[in-house]
Number of protein chains: 2
Amino acid sequence: MDKHDVDKIRAFNRFYTKVIGLLDKFLLDSKFTLPEVRVMYEIYHAKKISAKTITELLDMDKSYLSRVLLSFEKKGLIAKTSDHVDARVQLIALSATGAKEYEKLNKASDNQIADIMENLNDQEVNKLISHMQAIQNILSKISK
Amino acid sequence: MDKHDVDKIRAFNRFYTKVIGLLDKFLLDSKFTLPEVRVMYEIYHAKKISAKTITELLDMDKSYLSRVLLSFEKKGLIAKTSDHVDARVQLIALSATGAKEYEKLNKASDNQIADIMENLNDQEVNKLISHMQAIQNILSKISK
DNA sequence: TAATTATGGTTGACAAAGTCAACTAATTTA
DNA sequence: TAAATTAGTTGACTTTGTCAACCATAATTA
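Just so it is clear, the structure is predicted and the values come from calculations on it, not from any experiment.

## What about the relation of the copies chain A and chain B?
Each of the two chain copies can be brought onto the other by rotation about an axis and movement along it.
Here's step 1: For these two chains of identical sequence, chain A goes onto chain B by a turn of 180° and a shift of 0.0 Å along the axis, with RMSD 0.1 Å. These values place the two chain copies in the arrangement generated by a two-fold rotation axis. Taking C-alpha positions as reference, the residue of chain A nearest the rotation axis is His131(A), located at 2.6 Å.
Here's step 2: Taken as a fraction of all interface residues of chain A, those also at the interface in chain B reach 100%, which identifies the copy contact as same-surface.

## Things to note about the domain arrangement of chain A
Residues and elements named next belong to chain A.
Here's step 1: Splitting chain A by domain gives domain 1 (1–30) and domain 2 (32–140).
Here's step 2: One C-alpha centre belongs to domain 1, the other to domain 2, and the line joining them spans 21 Å.
Here's step 3: The interface is formed by eight residues belonging to domain 1 together with 12 residues belonging to domain 2.
Here's step 4: Taking both partners together, domain 1 and domain 2 bury about 830 Å²; carbon and sulfur atoms supply 70% of that area.
Here's step 5: It is Leu23, Phe26 and Leu27 that lose the most area in domain 1 upon contact with domain 2, and together they represent 55% of the buried surface on that side.
Here's step 6: For the pair domain 1 and domain 2, the number of links is zero salt bridges.
Here's step 7: Of the residues contributing to the side of domain 1 that touches domain 2, the split by class is six nonpolar, one polar and one charged.

## Some points on the protein's contact with DNA strand D
Here's step 1: Taken together, 21 residues lie around DNA strand D, and Thr33(A), Ser63(A), Lys52(B), Arg67(B) and Arg88(B) are the ones closest in.
Here's step 2: Here a phosphate oxygen of DNA strand D and a side-chain polar atom of Lys80(B) are 2.7 Å apart.
Here's step 3: Elements with a contribution of two residues or more to the surface near DNA strand D: α4 (62–74) of chain A together with α3 (51–58) and α4 (62–74) of chain B.

## Concerning the protein's contact with DNA strand C
Here's step 1: Among the 21 residues in the neighbourhood of DNA strand C, the closest are listed as Lys52(A), Arg67(A), Thr33(B), Ser63(B) and Ala87(B).
Here's step 2: Taking all atoms of DNA strand C within 4 Å of the protein, the share assigned to sugar and phosphate is 56%.
Here's step 3: Here Ser66(A) contributes a side-chain N or O atom positioned 2.9 Å from a phosphate oxygen of DNA strand C.
Here's step 4: Between DNA strand C and the protein, one listed contact pairs a phosphate oxygen with a backbone N or O atom of Gln90(A) at 3.2 Å.
Here's step 5: For the surface near DNA strand C, the secondary-structure elements that each account for two or more residues are α3 (51–58) and α4 of chain A together with α4 of chain B.
Here's step 6: Sort the elements by how many residues they give to the surface near DNA strand C and α4(A) lands first, with four residues.
Here's step 7: Considering only residue class, the surface near DNA strand C consists of six nonpolar, six polar and nine charged.

Rules used in this analysis
- Residues numbered from 1 in each chain as written.
- Chains lettered and ligands numbered in written order.
- Predicted model: local features only at pLDDT ≥ 70, side-chain atom pairs only at ≥ 80, totals over all residues.
- Heavy atoms only, no water.
- Least-squares fit on C-alpha atoms with pLDDT ≥ 70 in both.
- Contact = heavy atoms within 4.5 Å.
- Domains from an automatic or database assignment.
- Buried area = accessible area lost by both parts, 1.4 Å probe.
- Salt bridge = Lys/Arg side-chain N within 4 Å of Asp/Glu carboxyl O.
- Nonpolar A, V, L, I, M, F, W, Y, C, P; charged D, E, K, R; others polar.
- Near = heavy atom within 4 Å.
- Polar contact = N/O pair within 3.5 Å; in protein donor to acceptor, adjacent residues only side chain to side chain.
- Helix = DSSP H or I, 4+ residues; strand = E, 2+ residues; numbered from the N terminus.

Below is the structure:
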């Protein structure tokens, strides 16, 4: 792989770092921080999940996560039930309130994306998505 | 733009957030922090640049940048010269030491990318890059 | 099976990253 | 030329993230 290729990949990384930063910035107006939103996402989609699994999925420090979860508990957003098989493990789930909050956030985030993509026509959107999927396909070979 | 499209875009964003996180993590082993490296990048490529411009390019708080630059100055990595036209402006450039440090970092970063991409064959690399460029093309219409 | 080691999670103490507002000095604008 | 703006610095602060010690439970092994 030559230097030129590397440069192009790094250029894309810088470019996309900004894109993500732009999108994330908007979340800052919500009641939740970025890592909080990510944690909520994982809980919401797993329905029931251990703290350990979340740290693995998000590559997040367990002490940090513990505090995030504590704050969720105080706000009544999650419920913990202990695992029958392993008493060390606590299974976390969103409460009804938590799920509602998450869905609200999620919808706002969807709208933000849709708003931004307004500037593209259908063909461009289709192409964009297929390029994204192609990248995921190629790169998913690597992380294995 | 329908919900399905939005989902796919957001999935890619999550995916690529992890990719970038993985690549960035490696920089943490260097003498510099992530924002420091980004600032060095801008100074290196502009050769001479004002703090203002850096804040715009990186969307960075000016007070934060000011401290980063201070730390660079203490380490002898940059030199400031005042602008002849506007005495409020200080033009920042990397010192010889600073440029050398940056190049070292940059090379290490290049190697990291090259290492990772080892797992792909030439065709995959070419496709990856062309997908990346296509995305940049499409999305650059938006940020305008 | 008793002692040791490993694991999930919490806590305290801290470091890094980022923000906000007030300020100085220079520059523009009215 | 007085008022408003701008580039950059500083102080005080919050948020984000890390590290190590610790507790309780579980798994391993002697």
